[in-house]
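A closer look at the structure
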Amino acid sequence: MGIFGKRGGNREERAAEIAGQVASGKGFYGRATRAFLGADDFAKVQQTLGAYQSGHDVQQLLAAGAATTPAVVVSISDTGRLVNFDPVVDLVLQPAGTTDRITLQTLVSKLRIPRTGDQVLLIADPARPGGYLYAGDGVTP
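To keep things clear, this report deals only with the structure shown in the data block. From a predicted model like this one, the values you see are computed outputs, not experimental measurements.

1. Let's talk about the layout of surface pockets
The calculated volume of the second largest pocket comes to roughly 300 Å³. What lines the second largest pocket is Glu 12, Ala 15, Ala 16, Ala 19, Gly 20, Ala 23, Leu 49, Gly 50, Tyr 52, Gln 53 and His 56. Elements with a contribution of two residues or more to the lining of the second largest pocket: α1 (11–24) and α3 (39–63). A per-element tally of the lining of the second largest pocket places α1 first, with 6 residues. Residue composition of the lining of the second largest pocket, grouped by class: 6 nonpolar, 4 polar and 1 charged.

Take a look at the structure:
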């Protein structure tokens, strides 16, 4: 046991805990990040971490066998932000069988960036009833 004690868990769990603190603005890392960044930049950090977390949630839902909904990409625009060199984009999607359009800000793989007219998959968001999460194009690279 070191001077500051030893925490259990692996590095990934610790990184997820720190990211949660930064996103919420709580704990040492969250307060320090909020103090050093302005309000606009801190909001951008929160949005980026939210996009990362939604990608993680989608992986867990797909592994659990959650149902997917096909949708067509109406438009895509870049936000200028990257997470692990993958872009965070704004997507406007039209689910199959409806005329409604959904706007999502999500992380996409730089190797599989969707284009206008492409078919992609959505998963119902358990945290927001009536909301969706981007689940990619259904093809594993």
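Once the structure has been displayed, the description carries forward.
2. Here we look at unusual backbone geometry
In the Ramachandran plot, Asn 84 falls in the positive-phi region, its phi being about 50 degrees despite a non-glycine side chain. Phi at Phe 85 takes a positive value of approximately 70 degrees, unusual for a residue other than glycine. Topologically, Phe 85 is positioned in the loop between β1 (68–83) and β2 (86–95).

3. A closer look at the sheet that holds strand β5 (residues 132–134)
Taking strand neighbours across the sheet as the criterion, the 5 strands line up as β3-β2-β1-β4-β5 in an open arrangement whose pairing is antiparallel. Edge positions in the open sheet fall to β3 (102–107) and β5, since each of these has one partner strand only. Strand-to-strand twist of the sheet, defined as the mean angle between neighbouring strand axes without regard to direction, takes the value 45 degrees. In terms of strand pairing, strand β4 (residues 119–124) meets β5 through 3 bridges, oriented antiparallel. Counterpart to Ile 123 in the pairing with β5 is Leu 133.

4. What about the pattern of salt bridges?
Scanning all chains against the criterion turns up 3 salt bridges. The residue Arg 14 makes a salt bridge to Glu 17 at a minimum N-O spacing of 3.0 Å. With Arg 14 and Glu 17 both in helix α1 and 3 residues apart, this pair spans about one turn of that helix. Taking the relative accessible area as the measure of exposure, Arg 14 reaches 24% and is therefore partly exposed. Overall, the relative accessible area of 34% leaves Glu 17 in the partly exposed class.

Analysis parameters
- Residues numbered from 1 in each chain as written.
- Predicted model: local features only at pLDDT ≥ 70, side-chain atom pairs only at ≥ 80, totals over all residues.
- Heavy atoms only, no water.
- 1 Å grid on protein atoms, 1.4 Å probe; cavity = no way out; pocket = protein on both sides within 12 Å on 5 of 7 lines; lining within 4 Å.
- Points joined across faces, edges and corners; volume = space filled by probe spheres on them.
- Helix = DSSP H or I, 4+ residues; strand = E, 2+ residues; numbered from the N terminus.
- Nonpolar A, V, L, I, M, F, W, Y, C, P; charged D, E, K, R; others polar.
- Pairing = 2+ DSSP bridges.
- Axes fitted to C-alpha atoms, helices over the stretch in contact; angles between N-to-C directions.
- Salt bridge = Lys/Arg side-chain N within 4 Å of Asp/Glu carboxyl O.
- Buried < 20%, exposed > 50% of the residue type's maximum accessible area, 1.4 Å probe, protein only.

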